[in-house]
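Close look at the chain arrangement
Here is how the chains run, residue by residue.
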Amino acid sequence: MTSQPAGTDLFNDAMRQSVARQLSIVDLFRCAAELAAVGQKQMAIDLYKTWIAYNADNQLLYAVYFNYGVALADQRDHAGAINAFREGIRLKPDFYQSYINLGRVLEDTGQAGPAVAQWLELCNKLLAVNGDAVAHKITALQQIGRVLESTGTDGAAEDALKQCLDLNMHQPEAMQHWISLRQRQCKWPVLEEWERVGRKDLVKGMSSLSLANHADDPMFQLALAYRYAKRAIGMPKPVAREQGARQREPHRLRIGYVSSDLRQHAVGFA
């Protein structure tokens, strides 16, 4: 007798309740999360699809479409995810997270232009000044700047990141990329302050590589690198040695390189 896959009983019960319109959205999200947690992500997707088919008149259907799109994107069903996010936006145009995720899936399918268009549409909709609106606009502008920079549209990327820093200047990554973009375009002075961001803030926000191109003062470079390491990395945690582990020969060093820049990047070439 073969055992059933993990989550089968939960899935079957949730499917019956979905067809009978007896599964609440809270329980739907809970069941889908539990199925994904036991490795049954396709079951979670099928559950969402069935629930939507039998509960299309629910007022919170847009939220279900959003979670459905996230689940599809996680399984690399990009076409399905795009359709789900678009349907969620159609049902509730002011559910802003859908624009963020739709743009990301469009980018993943090579549609950088439509992705940026989605994020720009979101920025244009966010006229209110409150915490959620500002947070969503910052995220959209970060994505716009990142994608435009990756496609070589440096001027537009610089403008997007400047708007992003206007909303919140305490974004080290956005600051670093804004400065790097100005260097790449040979815009002088590189550290051009404006009313929201001063020169001191720009200096503190430079990356070590950008500073190496900007100034040759070794103490200045050391101070900025030390500040970055202390703030962003910190001291590594001690590694516990396994009980009974055999100590390696003292004269033999084993070195491993771990980096996100071991491809088309100066660090990797070096």
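**Concerning unusual backbone geometry**
Here the bond from Trp 188 into Pro 189 is cis, since omega is -5°, no more than 30 degrees from zero. Following the sequence through the fold, Pro 189 ends up in the loop between helix 10 (172-184) and helix 11 (199-205). Here Cys 186, not a glycine, exhibits a phi torsion of approximately 55°, which is positive. By the secondary structure assignment, Cys 186 is in the loop between helix 10 and helix 11.

**Focus on helix 1 (residues 8-19)**
When the terminal C-alpha atoms of helix 1 are compared, their 17 Å separation across 12 residues agrees well with the 16 Å that a helix rising 1.5 Å per residue should span. For helix 1, the full list of buried residues reads Thr 8, Phe 11, Ala 14 and Ser 18. Projected down its long axis, helix 1 carries its buried residues within an arc of 135°, all on one side. Residues of helix 1 that are exposed and point over 90 degrees away from its buried face: Asp 9 and Arg 16. Residues of helix 1 that are buried in the fold lie against helix 2 (25-37) and helix 3 (41-54). Directly after helix 1, the chain includes Arg 21, whose backbone phi takes a positive value near 60°.

**Observations concerning the state of the cysteines**
Working definition of a disulfide: a covalent bond connecting the sulfur atoms of two cysteines. On inspection of all chains with the given rule, the structure shows zero disulfides. Distance from the sulfur of Cys 164, which forms no disulfide, to the nearest cysteine sulfur (Cys 123) is 9.0 Å. What makes Cys 164 buried here is its relative accessible area of 0%.

**Re helix 9 (residues 154-167)**
Between its first and last C-alpha atoms helix 9 spans 20 Å; for 14 residues at 1.5 Å apiece the expected length is 20 Å, and the two agree. When helix 9 is considered as a whole, its buried residues turn out to be Asp 154, Ala 157, Glu 158, Ala 160, Leu 161, Cys 164 and Leu 165. All buried residues of helix 9 lie within an arc of 165° about the axis, which places them on one face of the element. Buried residues along helix 9 sit in contact with helix 8 (131-150) and helix 10.

**Side note on a positive patch on the surface**
Judged by side-chain charge, Lys 200, Lys 204, Arg 227 and Arg 231 come together as a positively charged surface patch. Elements represented by at least two residues in the positive patch include exactly helix 11 and helix 13 (218-233). Mapped onto the secondary structure, Lys 204 falls in helix 11.

**Structural notes on the nonpolar core**
As a rule of thumb, nonpolar side chains are buried together in soluble globular proteins. In terms of nonpolar packing, the biggest core is built from 65 residues, with Leu 47, Trp 51, Tyr 68 and Ile 144 touching the most fellow members. Setting aside residues no more than four positions away along its own chain, Tyr 68 makes contact with Ile 45, Tyr 48, Lys 49, Ile 52 and Ala 84.

**A word on the environment of Leu 202**
By secondary structure assignment, the location of Leu 202 is in helix 11. For Leu 202, a relative accessible area of 0% gives the class buried. Taking C-alpha positions, Leu 202 is 9.4 Å from Met 169, a pair spaced 33 residues apart along the chain. Beyond its immediate stretch of four places on either side in the chain, Leu 202 contacts Met 175, Trp 178, Ile 179, Leu 191, Glu 192, Glu 193, Trp 194 and Val 197.

**Digging into the packing of helix 2 against helix 4 (residues 61-74)**
Direction vectors running N to C along helix 2 and helix 4 enclose 5°, while the axes themselves pass 11 Å from each other. Taken together, helix 2 and helix 4 sit at an angle that is classed as roughly parallel. Contacts from Ile 25, Leu 28 and Phe 29 of helix 2 reach helix 4 at Ala 63, Val 64 and Asn 67. Considering only residue class, the contact of helix 2 with helix 4 consists of five nonpolar, one polar and no charged.

**Examining the side chain of Asn 55**
Relative to the helices and strands, Asn 55 is located in the loop between helix 3 and helix 4. Take Asn 55: its relative accessible area is 5%, and that puts it in the buried class. Looking at Asn 55, its side chain comes within polar contact range of the main-chain oxygen of Trp 51, at 2.8 Å. Sequence-distant contacts of Asn 55, defined by excluding residues within four places in its chain, comprise Ser 18, Arg 21 and Leu 61.

**Quick word on the packing of aromatic side chains**
Any two aromatic rings considered together are summarised by their centre-to-centre distance and by the angle between their planes. As enumerated under the stated definition, the model contains six aromatic pairs in all. A ring pair is formed by Tyr 48 and Tyr 68, whose centres lie 6.3 Å apart and whose planes are at 45°; its orientation type is tilted. With Tyr 48 in helix 3 and Tyr 68 in helix 4, the pair connects residues that are 20 residues apart, well separated along the chain. Judged by relative accessible area, which is 13%, Tyr 68 ranks as buried. In this structure an aromatic cluster arises from ring pairing among Tyr 62, Phe 66, Phe 85 and Phe 95. Directly above the aromatic system of Tyr 62 lies the positively charged group of Lys 92, at a separation of 5.3 Å from the ring centroid. The residue whose ring lies beneath Lys 162 is Trp 194, and the NZ or CZ to ring-centre distance is 4.9 Å.

The rules behind these values
- Residues numbered from 1 in each chain as written.
- Predicted model: local features only at pLDDT ≥ 70, side-chain atom pairs only at ≥ 80, totals over all residues.
- Heavy atoms only, no water.
- Helix = DSSP H or I, 4+ residues; strand = E, 2+ residues; numbered from the N terminus.
- Expected span 1.5 Å × (residues − 1).
- Buried < 20%, exposed > 50% of the residue type's maximum accessible area, 1.4 Å probe, protein only.
- Arc of directions from axis to C-beta.
- Contact = heavy atoms within 4.5 Å.
- Disulfide = S-S within 2.5 Å.
- Patch = residues over 30% accessible without salt bridge, like charges linked within 9 Å, V, L, I, M, F, W, Y side chains within 5 Å.
- Areas by Shrake-Rupley, 256 points an atom, 1.4 Å probe, with all protein chains shown as cover.
- Salt bridge = Lys/Arg side-chain N within 4 Å of Asp/Glu carboxyl O.
- Lys, Arg positive; Asp, Glu negative; His and termini not counted.
- Charge placed at Lys NZ, Arg CZ, Asp CG, Glu CD.
- Core = buried A, V, L, I, M, F, W, Y, C linked by side-chain atoms within 4.5 Å.
- Axes fitted to C-alpha atoms, helices over the stretch in contact; angles between N-to-C directions.
- Parallel < 35°, antiparallel > 145°, perpendicular 65-115°, else oblique.
- Nonpolar A, V, L, I, M, F, W, Y, C, P; charged D, E, K, R; others polar.
- Polar contact = N/O pair within 3.5 Å; in protein donor to acceptor, adjacent residues only side chain to side chain.
- Phe/Tyr/Trp six-rings, centres within 6.5 Å; stacked < 30°, edge-to-face > 60°.
- Lys NZ or Arg CZ within 6 Å of the ring centre and 35° of its normal.

Purely geometric numbers; function is a separate question.
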